[in-house]
Structures are given as C-alpha cells and as structure tokens.
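The lines below spell out each chain.
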Amino acid sequence: MPFADVNGIRMHYERQGSGIPVLLVTGLAGTAAFWTRTAQLLGEGFDIIAVDNRGSGLTECEGEFTIQDMARDAVALLEHLQVGPAHVVGWSMGSHIALNLSAERPDLVRSLTLISSYLERTARAAYILEVIGRAYEKGEVREEVAGAMMNVLLRTEGYFESAERTGRPIRTAELGERSGMIRQMRAVSGYSIVDDARRLRVPVLSVHGLEDIMTPPRCGDELAAEIRGCEVLRIPGEGHIIRPETYVPAMLDFFKNH
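Just so it is clear, the structure is predicted and the values come from calculations on it, not from any experiment.

1. Some remarks on the overall build of the protein
When helices and strands are counted, the protein shows 10 helices and eight strands. Its C-alpha atoms give the protein a radius of gyration of 17 Å, within 12% of the compact-globule value 18 Å for 258 residues. For the protein, the spread of C-alpha atoms along the three principal axes comes to 45 × 40 × 35 Å. In the protein, which comprises 258 residues, the proportion classed as buried is 54%. Here the analysis covers contacts within the protein between residues at least 6 apart in sequence; of these, 78% occur between residues at least 24 apart. Carbon together with sulfur atoms contributes 50% to the accessible area of the protein, which is approximately 11,400 Å² in total.

Here it is in structure tokens:
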C-alpha cells in the first residue's frame, strides 16, 4: 500500500501499469478506489496514479486546507515519483484540484479532463451537502445513511429504477473520517475557479452527464466557456457520477491527440 511523505502530509496513492502517466483526482470524500473501472478501461500503455486527497481515504493530514493545498500535494507526488508531464483527470471537487494544478504547473500537464465540473455549485447542492456534512461530522447520522443521501444527488432516476426492478443492492459512498468531508467542503467553498480557468494553456476536455442534478449541465457549460479551446463531451442518461464506459473511449482519443 504506497504512501509518499510530500508537502507536509502522508499521502496515499494507488499506481498501476507503465507508460504515459495519468493522474486521477477524485471528488468529495472519495478515494483512489473511485477510479478502479476507469483504470481498467484505460488499458495498457499508461502509468496510472490515483490519489486520496486530504481529508479522505488513508491520506494523513491535520488542520484545515484549501483546493490549492490539494493541488500542491498532487504536484509534490508527481515530482516525488519523478513522472510527468501527465494527463490529469479530475472528477467533481477533484476537477477543481486538477484545474488549479494545470493552471499553476502546466509543465507537468499533457492534457486536462474535467468530469462533472462547474463554475459555481448550485444553491440546492450546497445546502444539502452542508446538512449531510455537518450531521455526519457530529455523528448524528451513520455513514451508510449519509452515503445514501449523497447517492440521491450523485445518481440518476434510471439508476434507482433499475435497482428497484432487478432487486440489485445500491452501494453507498464510504465517507471515511468524520471531519474530512466538511473540511473538503470548506476548501471547495473557498476556491474561486474562474481566474484559473481563464489562464489555462493546456488542452482541456469537459465531460458532463445530461441528467446531473448536483451540478446540472449548464454548470459545466459555464466553466467550459471560460476555457480557451475547451472541447466538450455531453452524455445523455448520466448523472454526477458518470459510468466510465460512456466517456473513457472519447477521453482516450483526446489523450492520443495531445
């Protein structure tokens, strides 16, 4: 189980394969395991590195932190591993980390893929995430209950209909250490993405599900409009969590072109 002592923290990451480096950065309360299927679909020819951000998974850190701190953690890891430039891929909160990294250190970036990203969170999403985060931090709800509440924002109606029809159990998110999620939320709230978006000088692909209710497609469109030359992929029937099968082939083509 690999760790790296970087940027004042003990950072957990997962690594597989060899070839062109790909850095995968997950979202709120997520871990490197979020990318398991994506890594499988990327296939051979890539050195795939997935990280646990501050406040989640097995990464050890203390105190408050910012999006910029998490981006610097990822930079420090790439330098520690002596890899780069890399294709950088971020989902949700992780897309903000990936974007800040790309704006600050374009020398380390071959391309940037932003999945379920946004210029600003919607008021509804901010409200319910705050309720879930604070209740979970205080121990007022169990992890599986908080995870189920998160699923309502993350998944589509079709996902729940299919589970109900087939009797398939619905897996809930593992939220981990109780203060981590709320600290990550404060980091997201404290970051203004627009200036970094406007100064990007790396190839960018914006991926969004057309049934995303946490950050509706217009949120991704607003961000893409601020990024010079941004390519856009919009996927019918997908929510905030997007099945890798629906975007990895297009992302691989994007990688090949850059």
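2. Things to note about the pairing of strand E2 (residues 9-16)
By the bridge criterion, four bridges tie strand E1 (residues 3-6) to E2 in an arrangement that is antiparallel. Looking across to E2, one finds that phenylalanine 3 is bridged to histidine 12. Here E1 hands over to E2 after two residues, with asparagine 7 in that stretch at a positive phi of 55°. Relative to strand E4 (residues 46-51), E2 runs antiparallel, the two being bridged by four bridges.

3. Observations regarding the environment of valine 6
By secondary structure assignment, the location of valine 6 is in strand E1. For valine 6, a relative accessible area of 5% corresponds to the buried category. Placed 68 residues apart in sequence, valine 6 and alanine 74 show a C-alpha to C-alpha distance of 8.9 Å.

4. Details of unusual backbone geometry
Cis geometry marks the peptide bond from glycine 84 to proline 85, where omega comes out at 5°. Even without a glycine there, the phi angle at glutamine 82 is positive, about 60°. Following the sequence through the fold, glutamine 82 ends up in the loop between helix H2 (67-81) and strand E5 (86-91).

5. Notes on helix H4 (residues 123-137)
The α-helix winds at 3.6 residues per turn, so residues separated by three or four positions along the chain end up facing the same way. For H4, which comprises 15 residues, the first-to-last C-alpha distance of 21 Å matches the rise-based estimate of 21 Å (1.5 Å per residue) to within 8%. Within H4, burial applies to Ala125, Leu129, Ile132, Gly133, Ala135 and Tyr136. In this structure, the buried side of H4 is in contact with helix H5 (143-154) and helix H7 (180-189). In the stretch just after H4, glycine 139 is the one whose phi turns positive, near 80°.

6. Some remarks on the environment of isoleucine 170
Relative to the helices and strands, isoleucine 170 is located in the loop between helix H6 (157-166) and H7. When its relative accessible area of 34% is taken as the criterion, isoleucine 170 is described as partly exposed. Separated by 59 residues in the primary sequence, isoleucine 170 and glycine 229 place their C-alpha atoms 39 Å from one another. Among all residues touching isoleucine 170, those that are not within four sequence positions of it are Asn151, Tyr159, Phe160 and Ala163.

7. Points about the packing of H4 against H7
For the pair H4 and H7, the least separation of the axes is 8 Å and the interaxial angle reads 145°. The element H4 and its partner H7 pack so that their crossing is left-handed. Where H4 abuts H7, its residues Leu129, Glu130, Ile132, Gly133, Arg134 and Glu137 lie against Met181, Ile182, Met185 and Arg186. Here the residues of the contact of H4 with H7 are counted per class, giving five nonpolar, one polar and four charged.

8. A word on the sheet that holds E2
A sheet is described by the order of its strands in space; here eight strands give the open sequence E1-E2-E4-E3-E5-E6-E7-E8, paired in mixed fashion. Bordering the open sheet on either side are E1 and strand E8 (231-235), each of which pairs with just one other strand. Adjacent strand axes in the sheet meet at a mean angle of 25°, parallel and antiparallel pairs treated alike. Contacts between helix H3 (residues 93-104) and the sheet are confined to strand E3 (20-25), E5 and strand E6 (109-115), with E5 contributing the most and set at about 145° to the helix. Of the strands in this sheet, E3, E4, E5, E6, strand E7 (204-209) and E8 touch helix H10 (residues 248-256), which is tilted by about 155° from E6.

9. What to know about the side chain of serine 56
On the secondary structure map, serine 56 appears in the loop between E4 and H2. Within polar-contact distance, the side chain of serine 56 engages the backbone oxygen of glycine 30 at 2.8 Å. Beyond its immediate stretch of four places on either side in the chain, serine 56 contacts Ala29, Gly30 and Gln184.

Criteria and cut-off values
- Residues numbered from 1 in each chain as written.
- Predicted model: local features only at pLDDT ≥ 70, side-chain atom pairs only at ≥ 80, totals over all residues.
- Heavy atoms only, no water.
- Helix = DSSP H or I, 4+ residues; strand = E, 2+ residues; numbered from the N terminus.
- Rg over C-alpha atoms; globule rule 2.2 N^0.38 Å.
- Buried < 20%, exposed > 50% of the residue type's maximum accessible area, 1.4 Å probe, protein only.
- Contact = heavy atoms within 4.5 Å.
- Areas by Shrake-Rupley, 256 points an atom, 1.4 Å probe, with all protein chains shown as cover.
- Pairing = 2+ DSSP bridges.
- Expected span 1.5 Å × (residues − 1).
- Axes fitted to C-alpha atoms, helices over the stretch in contact; angles between N-to-C directions.
- Left-handed = near helix turned anticlockwise from the far one by under 90°.
- Nonpolar A, V, L, I, M, F, W, Y, C, P; charged D, E, K, R; others polar.
- Polar contact = N/O pair within 3.5 Å; in protein donor to acceptor, adjacent residues only side chain to side chain.

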